[in-house]
Amino acid sequence: MARDFSWIRPEPWGIHVTPADCWIDPSRPVDRALVTHGHADHARGGHGETFATPETLAIMKLRYQTDEGAQATVYGETISLGGGVDATWLPAGHVLGSAQILLEHAGERIIVTGDYKRRPDPTCPPFQVTPCDVLITEATFGLPVFKHPPIEDEVAKLLKALADNPDRCVLVGAYALGKAQRLIAEVRRAGHHETIYLHGAMERMCRLYEEFGVDLGDLKLVSEAKKDAIAGHIVVCPPSALNDRWSRRLPEPITAMASGWMRVRQRARQRMVELPLVISDHADWDELTRTVEEVNPFETWITHGREEAMLRWCQLHQRRAKALALVGYEDEDD
Amino acid sequence: MEHFAALLDALVYTRSRNAKLKLLADYLRETPDPDRGWALAALTDGLDFPAVKSSTIRNLLSERVDPVLYALSRDFVGDSAETASLLWPEPETAPDPPTVTEAVDALAHMTRASVMSELPKLLDRLDSDGRYALLKMATGAMRIGISSRLAKTAFAQAFGVTVEEVEEHWHGQTPPYQPLFGWAAHGEEAPSSEGIPLFRPFMLAHPLDETIVDMADYAAEWKWDGIRVQLVRAGDETRVYSRSGDDISGTFPEVAASLPFPAVLDGELLVRGSHQGGPENDKTQGGAASFNALQQRLGRKVVSKKMLADYPAFVRLYDALIVDGEDLRELPWEQRRQRLEALMPRLDPGDFDLSQVIEAKTLDDLAKIRERTRDDAIEGVMLKRRDSPYIAGRRTGLWYKWKRDPLLVDCVIMYAQRGNGRRSSFYSDYTFGCWDGDPDQGAELLPVGKAYSGITDEELKFLDKYVRQHTLNRFGPVRETERTLVLEIAFDSIHASKRHKSGVAMRFPRINRIRTDKPAHEADRIETLKGLIRD
């Protein structure tokens, strides 16, 4: 029997599970959506039904002010989507609630990883390696130059800059969902228990993480603090606020950014970053290729990111692979 | 090497000049000899390792990484050395970084034949930041904005000496500058400069502004619009130095070949022409071409015969610092001037002339003469105290520059970009334009210049707010604004330019005033600007 896996169909605006008429991470409103995680480019609003983990649904509710059509799926529990398709949400280790989706139909198993990483993250359970026939993987950092250093080293850099400049603050640009909370949790794990100040856009997401049991320590809003009080402290804001007027109220901020892109010097310079912190919630090159080897699928399909290099790697390792042209996924600030 | 790599990275991410100075000074103070000397040379592009080319890096990588993956990575990273530092296979053993001196030694001994086996041994001893630093050093392409002036200032700051002293002792020294560090760091005797054509720091002038001087005490000269140079002959060599102390002898070989006796002379480098000097001067000292003509010759490493013929350079002399081994710097200006005049018969009039002294009994007389400089395309006038010794730097009360009043035009702000450092959250760099015809007949604005100075903090806040509230488009860091706000722009001169769509390029444009009172369609037209060209 030819294995063409034609029951699953990649389209530019999402992946269609044809027998059950569902879409995975669609970038336009559909009747039934299966969502891997809460980042806005994967979890859009306006679907009839949304299948996702309770954490992801809570994030979406926070963002879209509605949970109409929400269908909670617990990690590891298999549900039937109809049309002979079963689906299981498995931990992806990307952000709170992030999941891979395992789809089973007619004896074939397909996994959509969504975004993932293999490093430990105190805010979410680790990626689970699961055998399958087709692995549909992300490739955001799919170039061999990307090797994320241990997060402990990057946190140590941050804390050193803070200690060396007691009259200033370190302003860290970090994605408001996931990166910010992981960074704060790691800073706490490194023994730093001082107040951390937040940009207003960070607050609700941090509270939500805490509701799900992630302890972030003492957090305060910049808008409620005096300039002097902020000196010697960490301030976390979305990357877009780093060089904006908002930062004028801070005491001589040292501009830092927590992102996998900070591995490349010119990327950091373009953002006018003085203290680049190579911290990513995506798999780096070694994690991506190791995952393909460990899952060992019959075919690898590569979604958003630097597909060419991953394709080349698959070719060099005699693995069947193809690149899917999905639109609408953004990776600039990850 | 780890400390050097850390310094290099810190410099890459640091934008403020003061912060760069502190980083460099700390490194120079804390690093042992001779590492710090080699590092200093590497940062100021003073090292050359002919065996290592950027193609060497590519070839080395192609033996270790799939060429397609390398090419994709190089495209993304945009820099071969950085790509290689990231892609290099991590060694099995813990890094055992060489010192900067060891690395320099090893690189210097490599040949085209041995580099492919020797360079990997060094790379295997380093982590990725170390590999980046090594490859940048080896290929001599630092490009991190460390000028020789900045390096010297940092050196002075590190050891509590003056920049002037550093300038004086630096020249003629070669990496790793041991005598220089011996002098500054360990109090040893300063390196001897005998027989070496050393640069002597220039004497500079303060702006006259509101100061009133008595013309009985001062002599006046034209401020010629060329580049200030110092000609130094010692031993059998003549060097031409620019104002920053860079050796530009290679760019002006005919000037370097023109001084027949040992001396240090101060003057203005100009290109022959009829543009500067005006009709009166044509007879007495020959004219000079505009700065635009001189610009054709600046920055060239190889000078063609045609260049030499089309743009012949000469030096208009201002001062004599040393003549035939006699140091004149302590003498009053008047006496130095006499010595300079007495030198003229020994110099070829094709290569040198004397900067004329302007006869003016009072400052008012001088003001009238100065007004004429607009037509003469001279930068303005200089005032030199008749009893002033030649002192490096800017000493109050001795020399003044009295630039002609700037030209003013009204332009419309078109684009804005965020600034650096203290201004990084403000839109503080403005591109402005003038009309290419009658704005009521559908003329368009063409950009004519860019400025970021001349405004107060209050005006900066006003313009920042204006830009944010009148944005039409965003292109990365740049915002396009509505064409509604007029800025009065001051500039020193304007020149024809083929590189700009408007056909003109301004020198030293700055914002003079914000003209909220003036509607945009009343801003100046390109034809008005072209009328100000004196090329």
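Residues numbered from 1 in each chain as written. Chains lettered and ligands numbered in written order. Predicted model: local features only at pLDDT ≥ 70, side-chain atom pairs only at ≥ 80, totals over all residues. Heavy atoms only, no water.

In this structure, what is going on with the nonpolar core? I would like to understand it.
What tends to happen in soluble globular proteins is that the nonpolar side chains get buried as a cluster. Counting residues in each nonpolar core, the largest one holds 112 residues, and the members touching the most others are B:Phe4, B:Leu107, B:Leu119, B:Met137 and B:Phe155. One finds A:Val170, A:Leu208, A:Leu219 and A:Ile254 within the second-largest nonpolar core, a separate group that totals 38 residues. (Core = buried A, V, L, I, M, F, W, Y, C linked by side-chain atoms within 4.5 Å. Buried < 20%, exposed > 50% of the residue type's maximum accessible area, 1.4 Å probe, protein only.)

How should the packing of helix 3 (residues 35–43) of chain B against helix 7 (residues 100–109) of chain B be read in this particular structure?
Residues and elements named next belong to chain B. The contact between helix 3 and helix 7 brings their axes to 8 Å, and the two run at 60 degrees. Judged on the interaxial angle alone, helix 7 and helix 3 are oblique. Here Asp35, Trp38 and Ala39 of helix 3 lie close against helix 7, whose contacting residues are Val100, Thr101 and Val104. Across the contact of helix 3 with helix 7, the residue classes break down as four nonpolar, one polar and one charged. (Axes fitted to C-alpha atoms, helices over the stretch in contact; angles between N-to-C directions. Helix = DSSP H or I, 4+ residues; strand = E, 2+ residues; numbered from the N terminus. Parallel < 35°, antiparallel > 145°, perpendicular 65-115°, else oblique. Contact = heavy atoms within 4.5 Å. Nonpolar A, V, L, I, M, F, W, Y, C, P; charged D, E, K, R; others polar.)

Would you take a moment to explain the interface of chain A and chain B for this structure?
One frequent convention defines the size of an interface as the accessible area lost when the parts assemble. With 27 residues of chain A at the interface, the matching set in chain B holds 26 residues. Summing both sides of the interface, chain A and chain B together bury roughly 2600 Å²; the carbon and sulfur share of this comes to 58%. A salt bridge links A:Arg312 to B:Asp66; the shortest N-O distance between them is 2.7 Å. Summed over the shared surface of chain A and chain B, the result is 10 residue pairs in polar contact (both at pLDDT 80 or more). Broken down by secondary-structure element, the contributors of at least two residues to the side of chain A that touches chain B are helix 6 (265–270) and helix 8 (307–316) of chain A. The residue inventory of the side of chain A that touches chain B, partitioned by class, reads 14 nonpolar, one polar and 12 charged. (Buried area = accessible area lost by both parts, 1.4 Å probe. Salt bridge = Lys/Arg side-chain N within 4 Å of Asp/Glu carboxyl O. Polar contact = N/O pair within 3.5 Å; in protein donor to acceptor, adjacent residues only side chain to side chain.)

Explain the pairing of strand 7 (residues 313–323) of chain B here, please?
The side chains of a regular strand alternate, first on one face of the sheet and then on the other. Residues and elements named next belong to chain B. Most of strand 7 sits out of view: 11 of its 11 residues are buried. Of the pairings in the sheet, the one linking strand 7 to strand 9 (residues 352–354) comprises three bridges and is parallel in character. Its bridge partner being in strand 9, Leu317 is matched across the sheet by Leu354. Bridge analysis of strand 7 against strand 8 (residues 326–327) gives two bridges, and the strand direction is antiparallel. Paired with Ile322 across the strands is Asp327, a residue of strand 8. Linkage of strand 7 to strand 8, two consecutive antiparallel strands, is achieved through a turn of two residues, within which Asp324 is found at a positive phi near 50 degrees. (Pairing = 2+ DSSP bridges.)

Teacher, can you tell me more about the environment of B:Asn473 here?
Residue and element names in this part refer to chain B. Mapped onto the fold, Asn473 is located in strand 17 (residues 471–475). A residue is classified by how much of its surface remains accessible, and Asn473, at 36% relative accessible area, is partly exposed. Separated by 58 residues in the primary sequence, Asn473 and Tyr415 place their C-alpha atoms 9.3 Å from one another.

Would you explain the confidence of the model for chain B in this entry?
Low pLDDT marks regions whose predicted coordinates should not be analysed in detail. Residues and elements named next belong to chain B. A residue-level look at chain B finds 95% of positions with pLDDT of 70 or above and a mean pLDDT of 88. A low-confidence stretch, residues 278–284 stays under pLDDT 50, and its non-local contacts, those more than four residues away or across chains, total eight contacts. Interface confidence for the predicted complex, expressed as ipTM, amounts to 0.94; the pTM equals 0.74. (pLDDT = per-residue confidence, 0-100.)

How should the UniProt feature "domain: Metallo-beta-lactamase" (unreviewed entry) in chain A be read in this particular structure?
Here, UniProt's "domain: Metallo-beta-lactamase" (unreviewed entry) annotation points to residues 19–175 of chain A. End C-alpha atoms of residues 19–175 of chain A are separated by 36 Å, and the span's content is 16% helix alongside 30% strand. (UniProt positions renumbered as here; feature names shortened; annotations may be inferred.)

Where do I start with the sheet that holds strand 6 (residues 70–72) of chain A in this structure?
Pairing between sheet strands relies on hydrogen bonds along the backbone, with the strands arranged either parallel or antiparallel. Residues and elements named next belong to chain A. The six strands are arranged 1-2-3-4-5-6 in an open sheet whose pairing can be described as mixed. Because the sheet does not close on itself, it has two edges, and the strands there are strand 1 (8–11) and strand 6. On average, each strand axis in the sheet is inclined to that of its neighbour by 25 degrees, with strand direction left out of account. Judged from the three bridges that link them, strand 4 (residues 32–34) and strand 5 (residues 49–52) form a sheet pairing that is parallel. The partner of Arg32 across the bridge, within strand 5, is Glu49. Helix 1 (residues 54–64) contacts strand 5 and strand 6 of the sheet and is inclined by roughly 135 degrees relative to strand 5.

I would appreciate a short explanation of the side chain of B:Ser428 in the present structure.
Residues and elements named next belong to chain B. In this structure, Ser428 sits in strand 15 (residues 427–435). A polar contact of 3.3 Å, which involves the side chain of Ser428, links it to the side chain of Asp429. In this structure, Ser428 is in contact with Gln417, Arg418, Gly419, Arg423, Ala451, Tyr452 and Leu460, ignoring residues within four places of it in sequence.

Any chance you could explain the packing of helix 7 of chain B against helix 9 (residues 128–139) of chain B here in plain terms?
Each pair of packed helices can be described by the angle between their axes along with the distance between the axes. Residues and elements named next belong to chain B. In the contact formed by helix 7 and helix 9, the axes pass within 11 Å of each other and the chain directions differ by 45 degrees. For the element pair helix 7 / helix 9, the angle class is oblique. You can see that helix 7 and helix 9 cross each other, and the crossing is right-handed. Every residue of helix 9 that contacts helix 7 at Val100, Ala103, Val104 and Leu107 is listed here: Leu134, Met137 and Ala138. By residue class, the composition of the contact of helix 7 with helix 9 is seven nonpolar, no polar and no charged. (Left-handed = near helix turned anticlockwise from the far one by under 90°.)

When you look at the domain arrangement of chain A in this model, what are you seeing that I'm missing?
Residues and elements named next belong to chain A. Taken domain by domain, chain A holds domain 1 (8–145 + 282–323) and domain 2 (151–277). Contacts between the two partners involve 21 residues from domain 1 and, on the opposite side, 16 residues from domain 2. Three residues, Leu62, Leu96 and Thr123, lead the burial of domain 1 against domain 2; their summed loss comes to 31% of the area buried on that side. Between the two partners, domain 1 and domain 2, sit one salt bridge. Among the salt bridges present, the one from Arg182 reaches Asp121, with a minimum N-O distance of 3.9 Å. Here domain 1 is connected to domain 2 by three residue pairs in polar contact (both at pLDDT 80 or more). (Domains from an automatic or database assignment.)

Could you clarify how one ought to interpret the environment of B:Arg515 in this entry?
Residue and element names in this part refer to chain B. Relative to the assigned elements, Arg515 resides in strand 22 (residues 510–515). Separated by 30 residues in sequence, Arg515 and Leu485 place their C-alpha atoms 7.2 Å apart. Contact partners of Arg515, with chain neighbours within four places excluded, come to Asp410, Val486 and Glu488.

Explain helix 5 (residues 67–77) of chain B here, please?
It helps to recall that an α-helix has 3.6 residues per turn; residues three or four apart then point in one direction. For helix 5 of chain B, the set of buried residues is B:Leu69, B:Tyr70, B:Ser73, B:Phe76 and B:Val77. An end-on view of helix 5 of chain B places all buried positions within 130 degrees of arc, on one side of the element. Among the exposed residues of helix 5 of chain B, those pointing more than 90 degrees away from its buried face are B:Pro67 and B:Asp75. Against the buried residues of helix 5 of chain B lie helix 6, helix 7 (285–295) and helix 8 of chain A together with helix 4 (54–62) and helix 6 (80–87) of chain B. (Arc of directions from axis to C-beta.)

Any chance you could explain the domain arrangement of chain B here in plain terms?
Assigned domains of chain B: these are domain 1 (2–139), domain 2 (203–396) and domain 3 (407–530). For domain 1 of chain B and domain 2 of chain B, the distance between their C-alpha centroids amounts to 43 Å.

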